[in-house]
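Analysis of the macromolecular model
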Amino acid sequence: MEQKLAGVGAATGRGGPAVRTSTDDVSGVTTMHRTAPHRTAPRRRSLTAALAACAGLIIGALTGAGATTAEAATTLSYYVSPTGSGQACTTAAPCALTTAQQLVRSATATAQGDIDVVLAGGTYRLASTLSFSAAAGDGATSGHTVTYRAAAGATPVLSGGWQLTSWTQGANGVWQTGVPAGTDTRQLYVNGVRANRAAGAVPTTLTRTATGYTAASNVFTTWSNISDVEFVYNVAWTQVRCGIASVSGTTVTMDQPCFDNSTKKQYGVNADLPSSVENAKPLLTQPGQWYLDRSTNTVYYLPREGQDMSTADVEIPRLQTLVSGTGTEQQPLNGLAFSGISFEYGGWTAPDGSDGFSEVQANMRLTGQNAWQNEGTCTRYSTTSPGTCPYGAWTMTPGNVVFDHTTGLSITGSTFEHLGAAGLQLGQDADGSTIQGNTFTDISGNGLEIGNGTDADPTDLALLPANNTVADNWIHNIAVEYTGGVGIFQGYTRYDTIEHNQVNDVPYSGISSNWGWGRTPTETKGNQILDNLVFDQMQQRSDGGGIYVLGQEGDSLADGLLISGNVVRNTDSANGGHAIYTDGGSEYITMTGNAMYANNTPSMGGCEEGTGTPYGEFSFTGNYVENTTPDWPCGTPTDATISNTQVSPDGTGVPASLIANAGLEPQYASLAQAPAGQAQTNLALGKPVQAQFLDGSTAALQSYSQLSYATDGNPASYVQASGQFRWQLVVDLQAQQSLGRVTVTMPQAHFATAFHVDASTDGSSWTTVGTVTDSGWGTIPVVFTGAVSARYLRIVADAPTDWNQRGDQMAIAEVGAFAPTSGQPDLALGRPAQALYIDGTQAQMQPNSTPSLADDGNTATSAQATGQYRWIQQIDLTQPQSVDVVSLQQPDTAFATNWHIDVSLDGSTYWTVARHADTAGGRSGVQLAAPVTARYIRLVADLPNQGGQTGGQMAVSELGVYSG
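Residues numbered from 1 in each chain as written. Predicted model: local features only at pLDDT ≥ 70, side-chain atom pairs only at ≥ 80, totals over all residues. Heavy atoms only, no water.

1. Some points on the nonpolar core
Worth spelling out the cut-off: Definition used in this section: a nonpolar core is a set of buried Ala, Val, Leu, Ile, Met, Phe, Trp, Tyr and Cys residues joined via side-chain atoms within 4.5 Å. Burial classification: accessible surface area is computed with a 1.4 Å probe over protein chains only, and a residue below 20% of its type maximum counts as buried, one above 50% as exposed, and the rest as partly exposed. Numbered from the N terminus, helices here are DSSP runs of H or I no shorter than four residues, and strands are runs of E no shorter than two. Contact criterion: two residues are considered in contact whenever any of their non-hydrogen atoms come within 4.5 Å of each other.
Counting 71 residues, the largest nonpolar core has Tyr148, Leu158, Val323, Phe338, Phe403 and Leu424 as the members making the most contacts within it. Sorting elements by how many residues they give to this core places helix α3 (residues 97–107) first, with four residues. Setting aside anything within four residues of it in sequence, one finds Phe403 in contact with Val323, Ser324, Gly325, Leu336, Phe338, Leu409, Ile411, Leu424, Gln425, Leu426 and Gly427.

Okay, here's the thing in structure tokens:
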């Protein structure tokens, strides 16, 4: 144990100043943030806290201490490491984490200051849940805090994982290892990347029966461990999973009550025929798949390309709850904080049981016999024989990290990943929490859960979470197993603020607020959803939104839900919904100053529940939307004020300040930024240019155009000639240079569909060094067959040649000129390639097509998936590389019209770094806003997303990756 003097921290009340401060840990700069007025619930104070405060006042009066005492308060510090031992708990002799916790418990009652437990880097393998409770003394007293934090520069991991070793190779490239008897898991991770349970198409035709199915063949009788096999049903906004109970001949009997609960619901959507089947050894056919044979206690895995099972770190979860914290209403768990901790490898195996995963919405599910008829139905279907109340009181998916009955909980700068349930759950009576600056990713269910769907109108309002702040978190790639999940689930809560988060790449809704569908009165009020950035939501499920709202949000607009300053864009879903969705029973909602664009779905709207259920009391004003008329398919709401500004689908018309303010604040922006790369020197940057007609005469320019725009480093400006369709741009590099390639960037509105590049040493004699045909807009790399020595470059437009031709007329936003590289210019050429569906599983390919055709250097062949319109082409560069330009060649007969580029260092965490729209067959490309370092490159098809759309479906002739 070590002591140090603690500085005075800013007071942190739960009330409503309109300005708050934050300090950048790196720069030390304190920033003022102006927010919407914060509506705050009456502050709950426990008897213990009140007595402690009174005692502090008495001591201060007797000693004359006051502020001086606070300034002189000491911080107790305990230092721990994964291999720590003994009782010293110092930097020189760190102890075990559990030892430090016991010392904290002994110290909290008498501590005169804060207590820190400082965790060295490394993995802390938890044999059991790390539990905190007020009764045990884990909480702080007298306004102090107990903080478990990472040591400077360290990354401590609290892991519920168990490492699998001793792998041996068997037939067909499948590796195996033994596990202890009784082992069960639904997840397996290799080198930090989630593997896929063995899965595939249902191998025979099925016909529904009352208890399951009749199969057209007896194929299932040949499968071992049939009771471990699971059918998966993708049904609208839900994904249901039910196990097979038994098979006899062609009769397939399903697990109960899962099957009845999933096929007989009186509300929502019901399952019918399965979409796929999982967890059978015969399905173990694709790289990255695994299977646990519980009868022989053996795990089987088919490695992905490049994985060495003799050295790989393979983990399965052995704990469901990694960390828990609890108190009581009379004695809440006070002042507990976590900072810089990574919570990893928690599991959850309840869906393996007879209840399965019978989802209703947002990972709420039905459990127990006859739940389809009784659970959460209340009086909706019967007043004489009602079900359990309130309406919608279904079973929540648990968190792998859970807290309830807490005051002032703080979790900052931490990571929740590789988790098999929901990430973090704040339950009943969580008051005044701060969840800020964290990352939530690779989570099977919801990212973050606050409240529940049960406490709609409790007699004791303290049960409702209140005054919690969820801010500046990056929540992405969650609900990867239970794909009806959401980024942030907010049940019944009061005076919570969800602000400045970035939520992206989620299968269903981004942020979901409230519950009840208007069929039950609620005590929800005063919540705010402010300044969030939500994009690439609705990637797999349907009928949701970037922000999705349900039920009564207050008693008036004054204390109802405020949705303001959010940007919701790039839904890319063919499955319906709304950008901001006020669904069943929504009441008392103010929506102002938001931007909604590029969503391929109505900007606003929702459904009333009917049969007299209230719906309305809306104020939707001052928003920037693609569609100014809301979509009300179930009837117009009452008392709705609608007045908004229409903007273009690409966001033109949205104030730049609104876009800049949404999402992570500057001091947290690095959370969602790809690692920086190093750009190759652009020898053309800032160099003089000339615009000429083809006869060499000086070309007139369009009124908005300047010559310098072609080499100023700003792709938003461009040079364009006037008077003739064909013209040429000459760049003087001002010295003889050895060149390996050039890039030509052209704007979306004006581009050459064919051009060539000439080079010269003297400006008089020219040699053609590159030709491009069938080009589109964007950044087009032109790679020379060998080094070219030149001072002058000339980009010559070959097409369009007349009116009404694609491209309109060449304009040039930027010219890049680069020296030859030591290796191949195209970093992707010949590298390992995969084709994936949007859910990350291996894609099936069209006949005579393989993923490797996308980077084989032959534009006459192409990779193309089958079975789904949207799919992913992935390239493994085999090592981290600096990446600045990505080019795409597609056939004229099959192409994505909208696509984006994601990059990753480890194959698990991906960053979106570029988008391209209005693409046709031929060549297109993107220059990243800044170079990044990446090993894995993903080309993700956004459109077409269904039949009858231009392009048909993406095919990839060549995907090129360049360092500049």
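On we go.
2. Observations concerning the state of the cysteines
Rule in force here: Here, two cysteine sulfur atoms that lie within 2.5 Å of each other are counted as a disulfide.
Inspection of every chain in the model, using the stated rule, returns four disulfides. Here Cys89 connects covalently by a disulfide to Cys95, the sulfurs 2.1 Å from one another. With the S-S bond torsion at 105°, the cross-link from Cys89 to Cys95 turns out right-handed. Per residue, the accessibility class of Cys89 equals that of Cys95, and both read buried. Covalently, Cys242 is tied to Cys258 through a disulfide, its sulfur atoms 2.0 Å apart. On the S-S bond that ties Cys242 to Cys258, the torsion sits near -85°, and the link is left-handed. Residue Cys242 is located in strand β20 (residues 238–248), and its partner Cys258 is located in helix α4 (residues 258–263); the two are separated by 16 residues in the primary sequence. Taking only the cysteines that form disulfides and numbering them from first to last, the protein chain has the pattern 1-2, 3-4, 5-6, 7-8.

3. Let's talk about the UniProt feature "domain: F5/8 type C" (unreviewed entry) in the protein chain
Stated formally: UniProt positions are given in the numbering used here, feature names are shortened, and annotations may be inferred rather than shown by experiment.
In this structure's numbering, the residues bearing the UniProt feature "domain: F5/8 type C" (unreviewed entry) are residues 676–804 and 817–961. Strand forms 50% of residues 676–804 and helix 0%; the C-alpha atoms that close the span are 42 Å apart. Helix makes up 0% of residues 817–961 and strand 49%, whereas the separation of the span's terminal C-alpha atoms amounts to 16 Å.

4. Considerations on the packing of aromatic side chains
Note the threshold: Only Phe, Tyr and Trp rings are paired, with Trp represented by its six-membered ring, and only when their centres lie within 6.5 Å; those with planes under 30 degrees apart are stacked, over 60 edge-to-face, the remainder tilted.
Evaluation of the coordinates by the stated rule reveals 34 aromatic pairs. Ring geometry for Phe132 and Phe338: centres 5.5 Å apart, planes at 80°, overall edge-to-face. Taken together, the residues Phe132 in strand β7 (residues 130–133) and Phe338 in strand β28 (residues 336–339) connect sequence positions 206 residues apart. The exposure class assigned to Phe132 is buried, which follows from its relative accessible area of 1%. Take Phe338: its relative accessible area is 1%, and that puts it in the buried class. Ring geometry for Phe338 and Phe403: centres 5.9 Å apart, planes at 50°, overall tilted. Taken together, the residues span a long stretch of sequence, with Phe338 in strand β28 and Phe403 in strand β32 (residues 399–403) at a distance of 65 residues. Across the pair, exposure class does not vary: Phe338 and Phe403 are buried alike. Three or more aromatic residues link up through ring pairs in this structure, and these residues are Phe132, Tyr148, Phe338, Phe343, Phe403, Phe416 and Phe440.

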